[in-house]
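The chain contents come next:
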Number of protein chains: 2
Amino acid sequence: MKWIRYSCGNTTSYGILTGTTIQPVVGDPFHGYEVTSKQVELKDVTLEVPLIPRTFYAAGMNYAQHVKEVALRHGIDATLPTQADIGYRANNALIAHDEDVIIPADAGEKIHYEGELVVVVGRKVKNVTEADALDCVLGYTIGNDVSERDWQKLDRTFWRSKNSDTFKPMGPWIETEFDITGARTEIRLNGQVSYAFDTAAMIFGVAHFISRMSQYITLYPGDVIWMGTDGSSPNIRHGDTVEVGISGIGTLRNRFVRAGA
Amino acid sequence: MKWIRYSCGNTTSYGILTGTTIQPVVGDPFHGYEVTSKQVELKDVTLEVPLIPRTFYAAGMNYAQHVKEVALRHGIDATLPTQADIGYRANNALIAHDEDVIIPADAGEKIHYEGELVVVVGRKVKNVTEADALDCVLGYTIGNDVSERDWQKLDRTFWRSKNSDTFKPMGPWIETEFDITGARTEIRLNGQVSYAFDTAAMIFGVAHFISRMSQYITLYPGDVIWMGTDGSSPNIRHGDTVEVGISGIGTLRNRFVRAGA
């Protein structure tokens, strides 16, 4: 089942997407809902981010090739993380499918994509075992963890390198039936595949992250966990379009525009 | 004016506190409100955190003596930050005035307080000058940025060292008339002053942080910015009570309890 969040006129609602038809609901998938008898066509609405997260978690380095590329860029030895330490991103940076990423006018050239699986938490959980961890998951969506590498190296935190407004595209919807087994993440730059990897080839998997986080942190409905990316990115330029596709979920597409260009 | 958020029975509301009397409102200070004609006594309600932040920003190292203490602890030279790079904390960790900080059973002995001024944003702002920056501030409250120093050193992020459940006491209320000039932050351990400093003696002030953040980030009503602490903390033990007082705002008090002790 696909949960979609969309605007039509001045109203933003959740609905269930089947093919190209949306069945609107009253309420939301986190706190309860009732299906209405209406029908809306996908082409007649504007997609919104599938949720505004309660807390926006991000695994950061969680695929081996990406860790190697990061080490290469910084001129250091590649060291794989030895434990699942979750990080954070910020809601101000979220944009929906088909909205533009605005590169700040003073940003450098090293604007990079990171295509990621996003876990959407549906139930409150604390102290959960790995075996039971996935029971709290409502579904999965897709994220693009856009990064400005000069600021990432220069600044003490990720505040503008990863959290400048529009740097966190997320969508297009939440897929509740996603099976990670055999899934592929494919990143396309202006229609051409630029990188692809096995979505499940994580250093620490979804169940492990949830279980470990929950030993110290209560997870709540509406929390999201971005699971990291593999490989590297070319420099993205004004006018480029980046698509992140994950088989079994869909494709998140955004154009990049440099402010003042 | 003091904005208070409180529970009475099963209802959580905002109110305006005068002396020990609360005048409840319908709505909230961020999106609009109407004052009711009721009156409730402070002693008859339970204080809640003054708000659940939209985004939870934290300056981290922003007072000189604290930077020196951190450097000493890590055996490195003290280097003052050269630019205002904002960081993040997480909502799961928030607790109110008089709620208990629960030290996880497997935490080390180095449990430290950090008493901080908290800025509460009341209006949406982007690209604001330092001269106009404070216009977006609704008021100020108090935070205790509780930290577990072994995890802070060991982990790749601050997820459990600073964001374990209950590690972020905030309150007791939002003071809209606070003047930082001459204000003192005083931290008391079991009733004895253990550290005190000039609240305004920041490396980067409130207006500078807001202006700089807003060049890249849209600030929204309900965002909070924790402004950092000065000095150091003794190890806080099971049963200890920590009070963070800021003159002109009030006092935030919390007891520390070790899980399983």
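Residues numbered from 1 in each chain as written. Chains lettered and ligands numbered in written order. Predicted model: local features only at pLDDT ≥ 70, side-chain atom pairs only at ≥ 80, totals over all residues.

Caption draft 1: Layout of the overall build of chain A. The number of helices and strands found in chain A is 4 helices and 20 strands. Rg of the C-alpha trace for chain A: 18 Å, near the compact-globule value of 18 Å for 261 residues, within the 12% margin. With the C-alpha coordinates of chain A rotated into their principal frame, the extents come out at 60 × 50 × 30 Å. By the burial criterion, 46% of the 261 residues in chain A qualify as buried. (Helix = DSSP H or I, 4+ residues; strand = E, 2+ residues; numbered from the N terminus. Rg over C-alpha atoms; globule rule 2.2 N^0.38 Å. Buried ≥ 20, exposed ≤ 12 C-beta atoms within 10 Å, placed from the backbone.)

Caption draft 2: Spatial organisation of the confidence of the model for chain A. Residues with a pLDDT of 70 or more make up 100% of chain A, whose mean pLDDT is 96. Both confidence scores are given for the complex: pTM 0.95, ipTM 0.93. (pLDDT = per-residue confidence, 0-100.)

Caption draft 3: Here's a closer look at the interface of chain B and chain A. Counting residues at the interface gives 23 residues for chain B, matched by 23 residues for chain A. When grouped by side-chain class, the residues that make up the side of chain B that touches chain A number 9 nonpolar, 8 polar and 6 charged. (Contact = placed C-beta atoms within 7 Å. Nonpolar A, V, L, I, M, F, W, Y, C, P; charged D, E, K, R; others polar.)

Caption draft 4: Broad picture of the domain arrangement of chain A. Residues and elements named next belong to chain A. Here the domain parsing of chain A yields domain 1 (1-48) and domain 2 (49-258). Taking only C-alpha atoms into account, the centre of domain 1 sits 25 Å from that of domain 2. Taken residue by residue, the interface counts 10 residues in domain 1 and 18 residues in domain 2. (Domains from an automatic or database assignment.)

Caption draft 5: Summary view of the pairing of strand 17 (residues 192-198) of chain A. Residue and element names in this part refer to chain A. Relative to strand 17, strand 16 (residues 184-189) is paired through 6 bridges, and the arrangement is antiparallel. Bridged to Glu186 within strand 17 is Ala196. In this antiparallel pair of consecutive strands, strand 16 and strand 17, the connection spans 2 residues, and Asn190 shows a positive phi of 50°. (Pairing = 2+ DSSP bridges.)

Caption draft 6: Inspection of the nonpolar core at higher detail. Core analysis: the biggest nonpolar cluster contains 134 residues, and Val118, Val119 and Val120 of chain A together with Val118, Val119 and Val120 of chain B have the highest contact counts within it. In this view, Val120 of chain A contacts Leu51, Val137, Leu138, Gly139, Tyr140, Thr141, Ile174 and Val224 of chain A; residues no more than four positions away in its chain are not counted. (Core = buried A, V, L, I, M, F, W, Y, C linked by C-beta atoms within 7 Å.)

Caption draft 7: Just the environment of Thr36 of chain A, in detail. Residues and elements named next belong to chain A. Considering the arrangement of structural elements, one finds Thr36 in the loop between strand 4 (32-35) and strand 5 (40-41). C-alpha separation for the pair Thr36 and Asp150, spaced 114 residues apart in sequence, amounts to 49 Å. When neighbours within four sequence positions are excluded, Thr36 is seen to be in contact with Pro24, Val25 and Val26.

Caption draft 8: The relation of the copies chain B and chain A, seen in detail. The transformation that overlays chain B on chain A combines an axial shift of 0.0 Å with a rotation of 180°, and the residual RMSD is 0.0 Å. When the rotation and shift are considered jointly, the pair of chain copies conforms to a two-fold rotation axis. Considering only C-alpha atoms, the part of chain B nearest the rotation axis is Tyr88 of chain B, at 3.6 Å. Mapped onto chain A, 100% of the interface residues of chain B are again interface residues, and the two copies thus contact each other with one and the same surface. (Least-squares fit on C-alpha atoms with pLDDT ≥ 70 in both.)

Caption draft 9: Focus on the sheet that holds strand 17 (residues 192-198) of chain B. Residues and elements named next belong to chain B. Across the sheet, which stays open at both edges, the 5 strands sit in the order 10-20-19-16-17 with mixed pairing between neighbours. Two strands bound the open sheet, and with one partner strand each, they are strand 10 (101-103) and strand 17. The sheet shows a mean angle of 20° between the axes of neighbouring strands, direction not considered. Relative to strand 20 (residues 250-258), strand 10 is paired through 3 bridges, and the arrangement is parallel. Paired with Ile102 across the strands is Val257, a residue of strand 20. (Axes fitted to C-alpha atoms, helices over the stretch in contact; angles between N-to-C directions.)

Caption draft 10: Broad picture of the environment of Tyr33 of chain A. Residue and element names in this part refer to chain A. Following the sequence through the fold, Tyr33 ends up in strand 4. Separated by 18 residues in the primary sequence, Tyr33 and Leu51 have C-alpha atoms spaced 15 Å apart. When near neighbours in sequence (up to four residues on either side) are disregarded, Tyr33 contacts Tyr14, Val25, Val26, Gly27 and Asp28.

Caption draft 11: Focus on the sheet that holds strand 10 (residues 101-103) of chain A. Residue and element names in this part refer to chain A. Ordered in space as 10-20-19-16-17, the 5 strands form an open sheet in which the pairing is mixed. Taken across any chain shown, the strands that pair with only one partner, and hence form the sheet edges, are strand 10 and strand 17. Adjacent strand axes in the sheet meet at a mean angle of 20° when their direction is disregarded.

Caption draft 12: View of unusual backbone geometry. Cis geometry marks the peptide bond from Gly171 of chain A to Pro172 of chain A, where omega comes out at 0°. Unlike most non-glycine residues, Asp98 of chain A shows phi in positive territory, near 75°. Position of Asp98 of chain A among the secondary structure elements: in the loop between strand 9 (94-95) and strand 10. The phi dihedral of Asn127 of chain B falls on the positive side, at around 55°, and the residue is not glycine. Mapped onto the elements, Asn127 of chain B comes out in the loop between strand 12 (115-121) and helix 2 (130-133).

Caption draft 13: Structural context of helix 4 (residues 206-213) of chain B. Residues and elements named next belong to chain B. Within helix 4, 6 of the 8 residues are buried, which leaves the element mostly enclosed by the surrounding structure. What helix 4 keeps buried is the set Val206, Phe209, Ile210, Ser211, Arg212 and Met213. Considering only its buried residues, helix 4 is in contact with strand 12, helix 2 and strand 18 (224-226).

Caption draft 14: Structural detail: the pairing of strand 20 (residues 250-258) of chain A. Residue and element names in this part refer to chain A. Across 6 bridges, strand 19 (residues 241-246) lies against strand 20 in antiparallel orientation. Across the sheet, residue Val244 finds its bridge partner in strand 20, namely Leu252. Between strand 19 and the antiparallel strand that follows it, strand 20, lie 3 residues; Gly248 among them carries a positive phi value of about 95°.

Caption draft 15: Expanded view of the environment of Val101 of chain B. All names here are of chain B. Structurally, Val101 is set in strand 10. Judged by the 25 C-beta atoms lying within 10 Å of it, Val101 falls in the buried class. Here the alpha-carbon distance between Val101 and Val193, two residues 92 residues apart in the chain, equals 20 Å. Aside from chain neighbours lying at most four places away, what touches Val101 is Ile95, Val146, Thr166, Phe167, Pro169, Asn254 and Phe256.

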